[in-house]
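A structural walkthrough
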Amino acid sequence: MGPLTEVPALVRIENEHWVFERIEASTLHELTHRLVLQTSDGEEVLGVTEDLSTALEVARCMAENDKKVVLIQAL
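Residues numbered from 1 in each chain as written. Predicted model: local features only at pLDDT ≥ 70, side-chain atom pairs only at ≥ 80, totals over all residues. Heavy atoms only, no water.

Now for the overall build of the chain. Looking only at helices and strands, the chain features two helices and five strands. Tracing the chain from N to C terminus, the helices and strands come up as β-β-α-β-β-α-β. Put simply, the chain has 75 residues, and 19% of those count as buried. Considering only intrachain contacts with a sequence separation of at least 6, the fraction spanning at least 24 residues in the chain is 35%. Carbon and sulfur atoms form 54% of the exposed surface of the chain, whose accessible area is close to 6000 Å². (Helix = DSSP H or I, 4+ residues; strand = E, 2+ residues; numbered from the N terminus. Buried < 20%, exposed > 50% of the residue type's maximum accessible area, 1.4 Å probe, protein only. Contact = heavy atoms within 4.5 Å. Areas by Shrake-Rupley, 256 points an atom, 1.4 Å probe, with all protein chains shown as cover.)

Quick look at the structure:
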């Protein structure tokens, strides 16, 4: 599906405490497409990708393996 890109979490748990972090603006600017799955509870954002080809590959794999349709939205 393409190379993975490290995207830091906004929140993580460390020693049973919430640790809030910031994401560099340059990291966010590199992301181009959001992957959305429609569920009975509404929309669930699966993640974001750096390019359309990666988004298409993820959507294709989910369709083939999980029988789920993924909406690709440009950011």
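Structure shown, so let's carry the discussion forward.
On the surface, Val 11, Ile 13, Trp 18 and Phe 20 cluster together into a nonpolar patch covering about 510 Å² of accessible area. Elements with a minimum of two residues in the nonpolar patch: β1 (11-14) and β2 (17-20). Within the element layout of this structure, Ile 13 appears in strand β1. (Patch = residues over 30% accessible without salt bridge, like charges linked within 9 Å, V, L, I, M, F, W, Y side chains within 5 Å. Salt bridge = Lys/Arg side-chain N within 4 Å of Asp/Glu carboxyl O.)

Note on placement: Leu 37 falls in strand β3 (residues 33-39). Spatially, the C-alpha atom of Leu 37 lies 6.3 Å from that of Leu 71, the residues being 34 residues apart in sequence. Not counting residues within four places of it along the chain, the set of residues in contact with Leu 37 comprises Gly 42, Glu 43, Glu 44, Leu 46, Lys 68, Val 69 and Val 70.

Below, the discussion takes up unusual backbone geometry. In this structure, Asn 15 takes a positive phi of about 50° despite not being glycine. Along the chain, Asn 15 turns up in the loop between β1 and β2. For Asn 15, a relative accessible area of 66% gives the class exposed. The backbone phi angle of Glu 16 is positive, close to 60°, even though this residue is not glycine. Mapping Glu 16 onto the fold places it in the loop between β1 and β2. With a relative accessible area of 77%, Glu 16 lands in the exposed category.

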